[in-house]
Amino acid sequence: MTMRAVRIREPGGPDVLQIGEVELREPGPHEVRVRVAAAGLNRADCLQRMGVYPAPPGALQDVPGLELAGTIEAVGEAVREREIGERVMAITAGGAMAEYALLHARECLAVPDGLSLEDAAALPEAFITAFDALEQASFRAGETALIHAVGSGVGTAAVQLVRHLGGRSIGTSRTETKLERARELGLDEAIHVTDKTFAKAVRSLGGADVILDFIGAAYLEENVKAVNLRGRIVHIGLLGGASGTLNLGRLLQKRVTLIGTVLRSRPIEEKIALIQRFARLVPAFGDALKPVVADVLPMAEIARAHERIEGGDVFGKLILRW
């Protein structure tokens, strides 16, 4: 079948994005076909558009999109977990910004009652990424997490998860208004970063047991200064560069663990296992947890959405709908 999709004409700026058509095969035995109502926009989509973060093998190479929500329209012959008509949300390796998506049935999560499909599209990538990072860091109740870029989709999710898990959060941002809004989500302490230094302020607040870092090289040295003894630093993004300098002596003295993680390119079996562990939190959405949606735009305005996210003034997630 043929479907509409956002297509990357060639590597470049937002103007290379256009609505085109692509072919979609029938679902495999363990797959479902989802009619996509909405998809979340992530910085990874911008990097893919620029040609520096290609989709993994097997995913649509010129159709971006890492998360979606919609309704199941067809199921493979071996599918028993899902049924036609069910509202679901999911992360994908790519291709979410299309009218339809093929997903392994166990990759899907049921959308909670009372949550719109637009809101549900803002949930999978941000919350599963934050959940996975906290899990890898063995975050425990009573610990303190330092969350950089706290106004991002993953940042807003991490603030809520830390609170839900019984922890304390410290957030950083270059924008005061984002810190104020993060406080409304439950952020305990806020640090306005103006010159890439924050360790002294974090230490004055008792330090951090776990750091969730989206910045990378630019914050590496300060992270090691800010983290507590036996602290864990999880690198999720590289907005501030991939190569930096590090005082290994301080790393050794504090017995710090550095963790690097990426979700998109993991084998399907690992993703399914992670999604099933995350599923126990889904009933909390609509009450203790909520996706943060900055705006919902028509899919035809995908170029403007990319411009907005690259402008850095978005708090939470931008959602594109059909």
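Shown above is the structure to which this text applies.
Every chain begins its residue count from 1, and numbering advances along the sequence as written. Totals for whole chains, interfaces and linings use every residue, but because this is a predicted model, local features are given only for residues with pLDDT of at least 70 and side-chain atom pairs only at 80 or more, for both listing and counting. The side-chain values count all of the structure's non-hydrogen atoms but skip hydrogen atoms and water molecules.

Trainee: Explain the pattern of salt bridges residue by residue, including any values.
Mentor: By definition, a salt bridge exists where a carboxyl oxygen of Asp or Glu is found within 4 Å of a side-chain nitrogen of Lys or Arg. In the structure shown here, the tally under the stated rule is 15 salt bridges. Between Glu-31 and Arg-25 there is a salt bridge whose closest N-O contact spans 2.8 Å. Between buried and exposed lies partly exposed: a residue is buried under 20% and exposed over 50% of the maximum accessible area for its type, with that area taken using a 1.4 Å probe on protein chains only. The exposure class assigned to Glu-31 is buried, which follows from its relative accessible area of 17%. Across the salt bridge formed by Arg-304 and Glu-301, the nearest N and O atoms sit 2.6 Å from each other. For Glu-301, a relative accessible area of 28% corresponds to the partly exposed category. Put simply, Arg-140, Glu-143 and Arg-232 are held in one network by salt bridges that share partners.

Trainee: Describe the environment of Arg-9, naming the residues involved and giving the relevant values.
Mentor: Only runs of H or I of at least four residues qualify as helices and only runs of E of at least two qualify as strands under DSSP, and these elements are numbered from the N terminus. With respect to the helices, strands and loops of the structure, Arg-9 is situated in the loop between strand E1 (2-8) and strand E2 (17-23). The exposure class of Arg-9 is partly exposed, given its relative accessible area of 45%. The spatial distance from the C-alpha of Arg-9 to the C-alpha of Glu-176 is 37 Å, given a sequence separation of 167 residues. In terms of polar contacts, Arg-9 uses its side chain to reach the side chain of Gln-18, at 3.5 Å. Pairing of N or O atoms within 3.5 Å defines a polar contact, subject to two protein rules: one partner must be a possible hydrogen donor and the other a possible acceptor, and residues neighboring in sequence count only if both atoms are side-chain atoms.

Trainee: Please set out the sheet that holds strand E13 (residues 257-260) residue by residue, giving values where relevant.
Mentor: Taken together, 6 strands build an open sheet; the order of strands is E10-E9-E8-E11-E12-E13 and the sheet is parallel. Both outer strands of the open sheet, strand E10 (189-192) and E13, are each paired with one neighbouring strand and no more. Strand-to-strand twist in this sheet, taken as the mean axis angle between neighbours without regard to direction, amounts to 15°. Of the pairings in the sheet, the one linking strand E9 (residues 168-173) to E10 comprises 4 bridges and is parallel in character. Across the sheet, the residue bridging to Thr-172 is Ile-191, located in E10. In this description, contact between two residues means that some pair of their heavy atoms is separated by no more than 4.5 Å. All axes here are fitted lines through C-alpha atoms, helices being fitted over the stretch that makes contact, and every angle between N-to-C directions spans 0 to 180 degrees. Against the sheet, helix H5 (residues 176-184) touches E9 and E10, its axis set at about 175° to E10. Strand pairing follows a simple DSSP-based rule, namely that at least 2 bridges must link the two strands.

Trainee: For the packing of aromatic side chains, give the residues involved together with the corresponding values.
Mentor: Stacked, tilted and edge-to-face pairs are distinguished by plane angle, under 30 degrees for stacked and over 60 for edge-to-face with tilted covering the rest, among Phe, Tyr and Trp rings (Trp via its six-membered ring) whose centres lie within 6.5 Å. Within the structure shown, the criterion is met by 4 aromatic pairs. Measuring from centroid to centroid gives 4.8 Å for Phe-127 and Phe-285, while their planes differ by 85°, and the two rings are edge-to-face. With Phe-127 in helix H3 (residues 124-136) and Phe-285 in the loop between helix H9 (268-278) and strand E14 (293-298), the pair connects residues that are 158 residues apart, well separated along the chain. Centre to centre, the rings of Phe-131 and Phe-278 are 5.6 Å apart; their planes meet at 70°, and the pair counts as edge-to-face. Of the two residues, Phe-131 is situated in helix H3 and Phe-278 in helix H9; the sequence distance between them amounts to 147 residues. Assigned by exposure class, Phe-131 and Phe-278 land together as buried. Chaining the aromatic ring pairs together yields one cluster made of Phe-127, Phe-131, Phe-278 and Phe-285. Directly above the ring of Tyr-100 sits Arg-33, whose terminal nitrogen or CZ lies 5.8 Å from the centroid. Here, over-ring charges are defined by two tests on the NZ atom of lysine or the CZ atom of arginine: distance to the ring centre within 6 Å, and angle to the ring normal within 35 degrees. Just above the ring of Tyr-53 sits the side chain of Arg-264; from NZ or CZ to the centre is 4.8 Å.

Trainee: Kindly report on the side chain of Arg-232, identifying the contributing residues and their values.
Mentor: Examined against the element boundaries, Arg-232 turns out to sit in strand E12 (residues 227-235). A polar contact of 2.7 Å, which involves the side chain of Arg-232, links it to the backbone oxygen of Ala-137. Side-chain polar atoms of Arg-232 contact the backbone oxygen of Ser-138, separated by 3.3 Å. Setting aside anything within four residues of it in sequence, one finds Arg-232 in contact with Ala-137, Ser-138, Phe-139, Arg-140, Glu-143, Asp-209, Val-210, Ile-211, Val-227 and Thr-257.

Trainee: Describe a nonpolar patch on the surface, with residues and values.
Mentor: On the surface, a cluster of nonpolar side chains totalling about 250 Å² of accessible area is made up of Leu-47, Met-50 and Val-52. Locating Val-52 in the fold gives a position in the loop between helix H1 (43-50) and strand E4 (67-75). Excluding any residue in a salt bridge, patches collect residues exceeding 30% relative accessible area, merging like charges within 9 Å and nonpolar Val, Leu, Ile, Met, Phe, Trp and Tyr side chains within 5 Å. Each accessible area value is a Shrake-Rupley result obtained with a 1.4 Å probe; residue values ignore everything except the protein chains displayed when judging cover.

Trainee: Break down H3 for me, with residues and values.
Mentor: Turn by turn, an α-helix covers 3.6 residues, leaving residues three or four places apart pointing in a common direction. Here H3 is 13 residues long and its end C-alpha atoms lie 17 Å apart, about the 18 Å a rise of 1.5 Å per residue gives. In terms of residue burial, H3 counts as a mostly covered element, since 11 of its 13 residues are buried. Those residues of H3 not exposed but buried are Pro-124, Glu-125, Ala-126, Phe-127, Ile-128, Thr-129, Ala-130, Phe-131, Asp-132, Ala-133 and Leu-134. Looking at the residues trailing H3, positive phi occurs at Ser-138, about 55°. Every helix has an expected span of 1.5 Å times one less than the residues it contains.

Trainee: Just give me the short version of the environment of Leu-251, but keep the residues and values in it.
Mentor: For Leu-251, the location among the structural elements is in helix H8 (residues 248-254). Residue class for Leu-251 comes out buried when judged on its relative accessible area of 14%. When residues no more than four places from it in sequence are discounted, the contact partners of Leu-251 are Val-224, Leu-246, Val-256 and Leu-258.

Trainee: Got a sec to walk through H5? Specific residues and values, please.
Mentor: For H5, the full list of buried residues reads Lys-178, Leu-179 and Ala-182. The arc that holds the buried residues of H5, viewed along the axis, is 100°, so those residues lie on one side. Against helix H4 (153-164), E9 and E10 lie the buried residues of H5. The positive-phi residue at the C-terminal boundary of H5 is Gly-186, with phi of around 115°. When we speak of the arc, we mean the arc of directions from the helix axis to the C-beta atoms.

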